[in-house]
Amino acid sequence: MECDVRMSRVWTALLGVERTVIESVEIERATGTGGVGGGESVLVVGVRASRRAAGRCPHCARRCRGYDGGDGVRRWRGLDLGSTRVYLQAKAPRVRCGEHGVVVAAVPWARHSSRFTRAFEEQVAWLTAHTAKTTVEVLMRTSWRAVTGIVTRVVAERGKGLDRLAGLLRVGIDEKSYRRGHKYLTVVVDHDTGRVVWAADKRDQATVRAFFDALGPDRTAALTHVSCDGAAWIHDVITERAPQAVICLDPFHVVAWATTAVDAVRRRTVRDLRGSGESDDAAEVKGTRWAVLKNPENLTSDQKTTIAGLAKANTQLYKAYIAKEQLREIFTIKNDPERKDHARALFTGLLSWCDRSRTPEMIKLSATLKRYRALITNTLDHGLSNALAEATNTHINALIRRSYGFHTPAALIALIDLTRGGLCPPLPGRS
Ligand SMILES: [Zn+2]
């Protein structure tokens, strides 16, 4: 079907494209290739760039001289209309840019080197940030690999010209392992917004220095607090680059140490019970695993019963569990002078309880906590909120789990920036 000017306007509105001329609209029977079922009806819209948008370099948007016809006609997947798949079809000529050489000319309806329209990509990115992976794949009829490519392009465009490092006062520097602990990312979070503001492949001093380089001397001097885990090599770089900043330990790392200790107590208890032939009791303690490691507010009612049973039957494990929970509580005490002393006193009490517990794992935990006491006291005194940092941490861990497999660090960082870095686009057609 040929398109006159009026129909062309209707179609550009329906497709959500700009600076685009509609030339034809056809329903086509798919041949069963390229992931489209054979016999499925698809809508193919013939388009071209408007005169003003045509013949431009995709990198600098300068108008360029034509070079050749490129690979001929190409198709871009658009948003479905109703339940019908949509493709935009156009010639993809090449131009010669003075700066960027011979390149396929930019098209107003799609990002450079993408097989999808802008609207399609924005919807996929928005969904990726808001819903489960499988939902995105099924709803948008696309692969996870294509999704990560889309997210990478959208995030790169939205991050351009945006200063994500402006106005930072309190940041957390964290290392995140991926590929089952074989690879690492360094991630920097703004404590006041919970946003990821910077991320890079690898974890080493050079990577942490690269963050401070990106921040620059003035903004580095404005930092008041930097939190991190217990790794001394990070502390060294912070002291070197931002000597004025108070170094704190992120509470979720400290609580994680306690959780590890509780689990060690549980495993030893199981071993001891088995060794003395009490296999029923051993199985019962073994079954407490999730109950003792979870935060109490996340316990199911069965798990609450488990904890209550533990209070009667197994004193050592129960006490270790209580100590872990008390440590978590101490970090929720708000930052005001009166309560500061309260938090310190509770922490000191906890240390001496661990020391007197006659539980080797808790004595070891106490030794670790004492080693980092100065940094933990900083955290308590300055009331660094755990809630935002912990939520971001948990979310990033979930992203790493779900993108496990075939991802490059760049794709993983793009996913993190999309969901926790504030770079998620609005749905197409909304603002
Ligand atoms: Zn150019």
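Only a predicted model underlies this, so the values are computations on that prediction, with no experimental measurement involved. (Residues numbered from 1 in each chain as written. Predicted model: local features only at pLDDT ≥ 70, side-chain atom pairs only at ≥ 80, totals over all residues.)

Draft legend 1. Structural context of the overall build of the protein chain. Secondary structure assignment for the protein chain yields 16 helices and 12 strands. Relative to the globule expectation of 22 Å for 431 residues, the C-alpha radius of gyration of the protein chain, 28 Å, shows a markedly less compact shape. Dimensions of the protein chain, computed from the C-alpha atoms along their principal axes, are close to 85 × 55 × 35 Å. A buried classification covers 34% of the 431 residues belonging to the protein chain. Within the protein chain, counting contacts between residues at least 6 apart in sequence, those at least 24 apart form 59% of the total. (Helix = DSSP H or I, 4+ residues; strand = E, 2+ residues; numbered from the N terminus. Rg over C-alpha atoms; globule rule 2.2 N^0.38 Å. Buried ≥ 20, exposed ≤ 12 C-beta atoms within 10 Å, placed from the backbone. Contact = placed C-beta atoms within 7 Å.)

Draft legend 2. Structural context of the environment of Ser352. For Ser352, the position within the fold is in helix 12 (residues 337-356). On the neighbour-count criterion, Ser352 (10 C-beta atoms within 10 Å) is exposed. With 205 residues separating them in the primary sequence, Ser352 and Val147 have C-alpha atoms 52 Å apart.

Draft legend 3. Representation of the packing of helix 7 (residues 251-275) against helix 11 (residues 315-330) in the model. Closest axis-to-axis distance for the helix 7/helix 11 pair is 9 Å, and the angle between their directions is 175 degrees. Comparing their axes, helix 11 and helix 7 come out roughly antiparallel. From helix 7, Val254, Val255, Ala258, Thr259, Ala261, Val262, Val265, Arg266 and Thr269 reach across to helix 11, where they touch Gln316, Leu317, Ala320, Tyr321, Ala323, Lys324, Leu327 and Arg328. Considering only residue class, the contact of helix 7 with helix 11 consists of 11 nonpolar, 3 polar and 3 charged. (Axes fitted to C-alpha atoms, helices over the stretch in contact; angles between N-to-C directions. Parallel < 35°, antiparallel > 145°, perpendicular 65-115°, else oblique. Nonpolar A, V, L, I, M, F, W, Y, C, P; charged D, E, K, R; others polar.)

Draft legend 4. Layout of the pairing of strand 10 (residues 196-201). Of the pairings in the sheet, the one linking strand 9 (residues 183-190) to strand 10 comprises 5 bridges and is antiparallel in character. Its bridge partner being in strand 10, Val188 is matched across the sheet by Trp198. In sequence, strand 9 turns back onto strand 10 through a hairpin of 5 residues, with Gly194 there showing a positive phi of about 80 degrees. (Pairing = 2+ DSSP bridges.)

Draft legend 5. Focus on the domain arrangement of the protein chain. We note that the domain assignment places domain 1 (1-112) and domain 2 (251-382) within the protein chain. On a C-alpha basis, the centroid separation for the pair domain 1 and domain 2 is 60 Å. (Domains from an automatic or database assignment.)

Draft legend 6. Fine view of the sheet that holds strand 5 (residues 84-91). Ordered in space as 1-2-5-4, the 4 strands form an open sheet in which the pairing is mixed. In the strand order of this sheet, the two ends are held by strand 1 (20-29) and strand 4 (73-81), each with one partner. Neighbouring strand axes in the sheet, compared pairwise and without regard to direction, differ in orientation by 25 degrees on average. Judged from the 5 bridges that link them, strand 2 (residues 41-49) and strand 5 form a sheet pairing that is parallel. Considered in strand 5, the bridge of Gly46 is made with Gln89. Seen against the sheet, helix 1 (residues 5-15) touches strand 1, strand 2 and strand 4 and runs at an angle of roughly 75 degrees to strand 1.

Draft legend 7. Molecular detail of unusual backbone geometry. Although it is not a glycine, Arg19 adopts a positive phi angle of roughly 50 degrees. Mapped onto the elements of the fold, Arg19 is located in the loop between helix 1 and strand 1. Residue Arg19 is classed as partly exposed on the basis of its C-beta count, with 14 C-beta atoms lying within 10 Å. Of note in this structure, Arg358 is not a glycine but carries a positive phi near 55 degrees. By the secondary structure assignment, Arg358 is in the loop between helix 12 and helix 13 (360-371).

Draft legend 8. Spotlight on the environment of Gly230. Within the fold, Gly230 resides in the loop between strand 11 (225-228) and helix 6 (232-241). With 16 C-beta atoms packed within 10 Å, Gly230 lands in the partly exposed category. When sequence neighbours within four positions are dropped, the list of residues in contact with Gly230 reads Leu249, His253 and Tyr372.

Draft legend 9. Main features of the nonpolar core. By size, the foremost hydrophobic cluster in this structure holds 72 residues, and its most contacted members are Val45, Ile150, Val151, Val187, Val188, Ile416 and Leu418. Counting 30 residues, the second largest nonpolar core, distinct from the first, contains Val292, Ala320, Ala323 and Leu380. (Core = buried A, V, L, I, M, F, W, Y, C linked by C-beta atoms within 7 Å.)

Draft legend 10. Structural context of the confidence of the model for the protein chain. When pLDDT is averaged across the protein chain, the result is 89; 96% of the residues are at 70 or more. When pLDDT is averaged over each helix and strand of the protein chain, the minimum, 75, is found for helix 9 (residues 289-293) and the maximum, 97, for strand 6 (residues 94-97). (pLDDT = per-residue confidence, 0-100.)

Draft legend 11. Up close: the sheet that holds strand 10. Spatial strand order, 10-9-8-11-12: 5 strands in an open sheet with mixed pairing. Each of the sheet's edge strands pairs with one partner strand only, and the pair in question is strand 10 and strand 12 (246-249). Strand-to-strand twist of the sheet, defined as the mean angle between neighbouring strand axes without regard to direction, takes the value 20 degrees. Pairing between strand 11 and strand 12: 4 bridges, direction parallel. Bridging from a neighbouring strand, Val226 pairs with Ile247 of strand 12. The sheet contacts of helix 14 (residues 373-382) involve strand 11 and strand 12, and relative to strand 12 the element is tilted by about 100 degrees. Along the sheet, helix 16 (residues 409-420) contacts strand 8 (170-178), strand 9 and strand 10; its crossing angle with strand 10, the most-contacted strand, is approximately 175 degrees.

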